[in-house]
Amino acid sequence: MEEKVKEIVQRYSGDKSYLVPILQDVQKEFNYLPKDALFSVSAHLSVPISRVYEVVTFYKAFSLKPKGRNQLSLCMGTACHVRGAELIASNVSDILGIKEGDTTADLEFSFETVGCLGACALGPVLVVNGEYHGHMNIAKSTKILKKLGKKVATDDEQD
Ligand code: FES
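These numbers come from a predicted model, not from an experiment.

Parameters and conventions
- Residues numbered from 1 in each chain as written.
- Predicted model: local features only at pLDDT ≥ 70, side-chain atom pairs only at ≥ 80, totals over all residues.
- Heavy atoms only, no water.
- Helix = DSSP H or I, 4+ residues; strand = E, 2+ residues; numbered from the N terminus.
- Buried < 20%, exposed > 50% of the residue type's maximum accessible area, 1.4 Å probe, protein only.
- Pairing = 2+ DSSP bridges.
- Expected span 1.5 Å × (residues − 1).

## A short note on unusual backbone geometry
Step number 1: The amide bond that connects Gly123 to the next residue, Pro124, takes the cis arrangement and shows omega of -5°.
Step number 2: Its place among the elements puts Pro124 in the loop between β3 (109-114) and β4 (126-128).
Step number 3: Positioned with a positive phi, Leu107 is a non-glycine residue whose angle comes to about 60°.
Step number 4: Mapped onto the elements, Leu107 comes out in the loop between β2 (102-103) and β3.
Step number 5: A relative accessible area of 42% places Leu107 in the partly exposed class.

Next comes the structure, spelled out in structure tokens:
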């Protein structure tokens with residue numbers, strides 16, 4: 001981990017004004033921000049660890065918890081909510097066996113709900129590994145999870 005962090009810091013010539021992009025790259029590398037990596041960034045940039053944590057906790061995009069290989073974000077904004085996003089959230093949670101905001105134990109899936117994604121006309125919107133899937137419904141969400149390799153007990157999906 002130490003070597004990888006060092007390499008990332010060097011990409012930015014060790015310039016502490018690049019703290020945010022450096023942390024973004026570290027997160028990309030490990031899928032989250034491990035504690036050791038944060039200490040390493042702090043040491044390489046000579047930035048106090050308290051400052052590093054301040055930045056990490058300020059930006060919602062940073063995660064101190066391990067994230068799954070597949071990341072699902074379901075919009076819970078008003079337009080998506082009134083079109084049944086709540087039911088889709090329950091379906092995804094049930095299939096994955098995790099609560100919203102959690103990651104499966106095998107680190108295959110993370111599931112979170114988010115505020116309006118600015119694509120209300122497509123609502124409900126489920127973002128899967130960065131790709132927007134509009135007009136989402138329970139059956140479609142089940143299908144997506146199956147496609148991603150999740151075993152689903154029931155086979156009674158409809159489009
Ligand atoms: S409310 Fe879901 S995209 Fe706007």
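Now that the structure is up, let's keep going.
## Remarks on the sheet that holds strand β1 (residues 70-75)
Step number 1: Spatially, β2-β3-β1-β4-β5 is the arrangement adopted by the five strands of the open sheet, whose pairing is mixed. With one partner strand each, in any of the chains shown, β2 and β5 (131-133) form the two edges of the open sheet.
Step number 2: Where β2 and β3 come together, two bridges link them in antiparallel fashion. Following the sheet pairing, Asp102 is matched in β3 by Phe111.

## Describing helix α2 (residues 19-30)
Step number 1: The first and last C-alpha atoms of α2 sit 17 Å apart over 12 residues, in line with the 16 Å expected at 1.5 Å per residue.
Step number 2: When we look at burial in α2, the residues that qualify are Leu19, Ile22, Leu23, Asp25, Val26 and Gln27.
Step number 3: Looking one or two residues beyond α2, the residue adopting positive phi is Asn31, at roughly 75°.

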